[in-house]
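Next come the chains, spelled out residue by residue.
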Amino acid sequence: SSLDATYTLKASQSGAVVAFDRIAGVVYTLPAPEVGLYFDFAVLTTVTSNAYRVNTSGAGVFVGGSLISIDTDTSNAVAAWTANGTSHVGVSSNGTTTGGVAGTQYRLTCVSPTRWLLRGFIHGTGVVATPVI
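Residues numbered from 1 in each chain as written. Predicted model: local features only at pLDDT ≥ 70, side-chain atom pairs only at ≥ 80, totals over all residues. Heavy atoms only, no water.

## So, the packing of aromatic side chains
Counting across every chain of the model gives seven aromatic pairs. Ring centres of tyrosine 7 and tyrosine 28 lie 6.2 Å apart, and the angle between their planes is 80 degrees; this geometry places the pair in the edge-to-face category. Of this pair, tyrosine 7 sits in strand β1 (residues 6-8) while tyrosine 28 sits in strand β3 (residues 26-29), placing them 21 residues apart in sequence. On the accessibility criterion, tyrosine 7 (27% relative accessible area) is partly exposed. The exposure class assigned to tyrosine 28 is buried, which follows from its relative accessible area of 1%. When the centroid spacing of 4.6 Å and the interplanar angle of 25 degrees are considered together, the rings of phenylalanine 20 and tyrosine 52 count as stacked. Taken together, the residues phenylalanine 20 in strand β2 (residues 17-20) and tyrosine 52 in strand β5 (residues 52-55) connect sequence positions 32 residues apart. For the pair phenylalanine 20 and tyrosine 52, a shared accessibility class is recorded, and that class is buried. Among the aromatic residues, ring-to-ring pairing joins Tyr7, Phe20, Tyr28, Phe41, Tyr52 and Tyr106 into one connected group. (Phe/Tyr/Trp six-rings, centres within 6.5 Å; stacked < 30°, edge-to-face > 60°. Helix = DSSP H or I, 4+ residues; strand = E, 2+ residues; numbered from the N terminus. Buried < 20%, exposed > 50% of the residue type's maximum accessible area, 1.4 Å probe, protein only.)

Dropping the structure here:
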């Protein structure tokens, strides 16, 4: 859990459940890549301003993988979003269309010196849109 608007995760925190519970949003930055590191992100409280965001540690470090998005306020429609591993650098959820609604959960696992693997579920509202950035 972070009381601050920004927080840089440490390699020693690998395996932790990282909570999104600051309604004003928070930006987490992943540590420098080390194969095998992983972090589980869980939205405990829906974000109401700014965003819940996770960024890689810097230039040349990317995210690959997929998220399943569920429209929780109307039809429970499902959409899939793919991070391509060559230009995407994180996940950003706004509390509505791109997720950030309580119940969201995903994992980022470091699989190479330049790539994190993304998998999980995003809960959103309205016409859901990609949270992959």
